[in-house]
Amino acid sequence: MARIDGQPLPSGLERALGVAVDITARKRTEQTLREVRADLTATLRALPDLMFEVDREGTFHHVHAPRPELLLVPPDAIVGRNQRDLLPPGTLREAELSELAFYDALTGLPNRRLLLDRIEQTLLRQAREPSWCALLFIDLDDFKRVNDHHGHGVGDQVLTVLAQRLRASVRETDPLGRLAGDEFVALLPDLGENAAAARRVAQRVARTLVRTLGTPLHDRPAITPSASVGVLMFRGHHAVADLLAQADWLMYRAKDAGKGQLTLRWYGREAPTPAPRPPAPRRHG
């Protein structure tokens, strides 16, 4: 018979086991979250304006419409659709002009303006949640020779194909764009806290880029392009101009190594190895 302090337990309690857990703090947190959510919902419902939640591709995810009559279609018909599908015919030209302002007309990639803005927005998050990142500066080797020997039309075709290969080699969410001419930049954010693991990921992506960009064009087998890549590893928030200057310099070091190569270095105070020296003046030609 089970006993406590030598006394037998009452009948029916011989096999009883109790565990007490204080969930007061959790309950208070849950109640606070419910109150905050209720306040936000009430505030949103009180707003008289139309509000839309739209992602970077132009797809609507939420519509706040206190006066649905202001919309051309019901709110339920908007969620999940792209803004292109909902534009009145008269505004299509405006949308095209807007796209020209932010996307490269030849390759369809973000242009310099949009690219730098996306990089800056990503780096702002690094200020709050720092992790290892890699900035890839990609430059085609001897591209001037392609234009001189085959014409600018063929050169444009090469750029278009290589831009498609670049897009397929990085994550959809990774900022990527055409910086100028035959120069492209990609940012690989959120590579984790482990420096060695982040380096392996960056090297794998950069090597894939070099190999993919060096594959002969299907329609132009006589043209075998190649690219040099500078890979700058960093953690946290830094000025975009400083990162680009360092990555550009690394790209030229890759070209000096024989083209179709990559050079990787660390940057910043948290770098496990010394950062590269200040970049040399940009060479042209």
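Everything below is about the structure shown above.
Residues numbered from 1 in each chain as written. Predicted model: local features only at pLDDT ≥ 70, side-chain atom pairs only at ≥ 80, totals over all residues. Heavy atoms only, no water.

A.B. asks: Sorry, what's going on with the overall build of the protein chain here?
C.D. replies: Each helix and strand counted, the protein chain has eight helices and nine strands in total. Of all intrachain contacts in the protein chain linking residues separated by at least 6 positions in sequence, the fraction that spans at least 24 positions is 62%. Surface summary for the protein chain: the accessible area is close to 17500 Å², and the carbon and sulfur share equals 53%. (Helix = DSSP H or I, 4+ residues; strand = E, 2+ residues; numbered from the N terminus. Contact = heavy atoms within 4.5 Å. Areas by Shrake-Rupley, 256 points an atom, 1.4 Å probe, with all protein chains shown as cover.)

A.B. asks: What is the right way to look at helix α5 (residues 143-150) in this model?
C.D. replies: For an α-helix, the turn length of 3.6 residues means that residues three or four places apart are oriented alike. Buried within α5 we find Phe-143, Val-146 and Asn-147. All buried residues of α5 project into a common sector of 95 degrees when viewed along the axis, lining one side. Pointing more than 90 degrees away from the buried face of α5 are the exposed residues Lys-144, Arg-145 and His-149. Lining the buried residues of α5 we find β5 (132-140) and α6 (152-169). Gly-151, located one to two residues past α5, shows a positive phi value of around 100 degrees. (Buried < 20%, exposed > 50% of the residue type's maximum accessible area, 1.4 Å probe, protein only. Arc of directions from axis to C-beta.)

A.B. asks: Sorry if this is basic, but what is going on with unusual backbone geometry here?
C.D. replies: With a phi close to 55 degrees, Asp-142 is a non-glycine residue in the positive phi region. For Asp-142, the location among the structural elements is in the loop between β5 and α5. You can call Asp-142 partly exposed: its relative accessible area is 34%.

A.B. asks: Any chance you could explain the packing of aromatic side chains here in plain terms?
C.D. replies: Each pair of aromatic rings is reported with the distance of its centres and the angle of its planes. In the structure shown here, the tally under the stated rule is one aromatic pair. When the ring of Trp-132 is compared with that of Trp-266, the centres are 5.0 Å apart and the planes differ by 75 degrees; the resulting orientation is edge-to-face. With Trp-132 in strand β5 and Trp-266 in strand β9 (residues 262-266), this residue pair connects regions lying 134 residues apart in the sequence. Among the residues examined, Trp-266 registers a relative accessible area of 5% and is labelled buried. (Phe/Tyr/Trp six-rings, centres within 6.5 Å; stacked < 30°, edge-to-face > 60°.)

A.B. asks: Teacher, can you tell me more about the sheet that holds strand β6 (residues 176-180) here?
C.D. replies: By way of backbone hydrogen bonds, the strands of a sheet pair with one another, either parallel or antiparallel. If you trace the five strands from one edge of the open sheet to the other, you get β6-β7-β5-β8-β9, paired in mixed fashion. With partners counted over all chains shown, the strands left at the sheet margins are β6 and β9, one partner each. Sheet twist, expressed as the average angle between the axes of neighbouring strands with direction ignored, equals 20 degrees. Note: strand β8 (residues 227-235) against β9, five bridges, orientation parallel. Its bridge partner being in β9, Met-233 is matched across the sheet by Trp-266. (Pairing = 2+ DSSP bridges. Axes fitted to C-alpha atoms, helices over the stretch in contact; angles between N-to-C directions.)

A.B. asks: Please clarify how the nonpolar core should be interpreted in this entry.
C.D. replies: In terms of nonpolar packing, the biggest core is built from 37 residues, with Ala-134, Leu-136, Ile-138, Val-158, Val-231 and Met-233 touching the most fellow members. Elements with a minimum of two residues in this core: β5, α5, α6, β7 (183-188), α7 (195-213), β8 and β9. Of all the elements, α7 adds the most residues to this core, at eight residues. Discounting residues that sit within four places of it in the chain, Ala-134 has contacts with Ala-186, Leu-187, Leu-188, Leu-191, Ala-202, Val-231, Leu-232, Met-233 and Phe-234. (Core = buried A, V, L, I, M, F, W, Y, C linked by side-chain atoms within 4.5 Å.)

A.B. asks: Help me out: how do you make sense of the side chain of Ser-131 in this one?
C.D. replies: By secondary structure assignment, the location of Ser-131 is in the loop between α4 (112-128) and β5. A relative accessible area of 8% places Ser-131 in the buried class. For Ser-131, the contacting residues outside a window of four places in its chain are Gln-126, Asp-190, Leu-191, Gly-192, Glu-193, Phe-234, Arg-235 and Gly-236.

A.B. asks: Sorry if this is basic, but what is going on with the environment of Arg-178 here?
C.D. replies: Within the element layout of this structure, Arg-178 appears in strand β6. Residues Arg-178 and Ala-163, spaced 15 residues apart in sequence, show a C-alpha to C-alpha distance of 8.2 Å. Polar contacts involving the side chain of Arg-178 include one to the side chain of Asp-104, which spans 3.1 Å. Among the polar contacts listed, one links the side chain of Arg-178 to the backbone oxygen of Gly-181, at a separation of 2.8 Å. (Polar contact = N/O pair within 3.5 Å; in protein donor to acceptor, adjacent residues only side chain to side chain.)

A.B. asks: How should the pairing of β7 be read in this particular structure?
C.D. replies: Side-chain positions along a regular strand alternate between the two faces of the sheet. Here β7 lies mainly inside the structure; six of its six residues are buried. Summarising the sheet, β5 and β7 pair through six bridges and their orientation is antiparallel. When the sheet's bridge partners are listed, Ile-138 is paired in β7 with Phe-184. Sheet topology note: the β6/β7 ladder contains four bridges and is antiparallel. What sits directly across from Ala-180, in β7, is Glu-183. What sits between the antiparallel neighbours β6 and β7 is a turn of two residues, in which Gly-181 has the positive phi angle 55 degrees.

A.B. asks: Even after reading the chapter, I still don't get α4, so can you show me in this structure?
C.D. replies: In this model α4 runs 25 Å from its N-terminal to its C-terminal C-alpha over 17 residues, within 8% of the 24 Å that 1.5 Å per residue would give. Taken together, the buried positions of α4 are Leu-114, Leu-115, Arg-118, Ile-119, Thr-122, Leu-123 and Gln-126. (Expected span 1.5 Å × (residues − 1).)

A.B. asks: How should the packing of α4 against helix α8 (residues 240-256) be read in this particular structure?
C.D. replies: For any two helices packed against each other, one specifies the inter-axial angle together with the distance between the axes. Contact geometry for α4 and α8: axes closest at 10 Å, N-to-C directions at 110 degrees. Relative to α8, the element α4 is oriented roughly perpendicular. Both α4 and α8 take part in a crossing whose hand is right-handed. The segment α4 lies against α8, with Leu-116, Ile-119, Glu-120 and Leu-123 engaging Val-240, Leu-243 and Leu-244. Its residues assigned to classes, the contact of α4 with α8 shows six nonpolar, no polar and one charged. (Parallel < 35°, antiparallel > 145°, perpendicular 65-115°, else oblique. Left-handed = near helix turned anticlockwise from the far one by under 90°. Nonpolar A, V, L, I, M, F, W, Y, C, P; charged D, E, K, R; others polar.)

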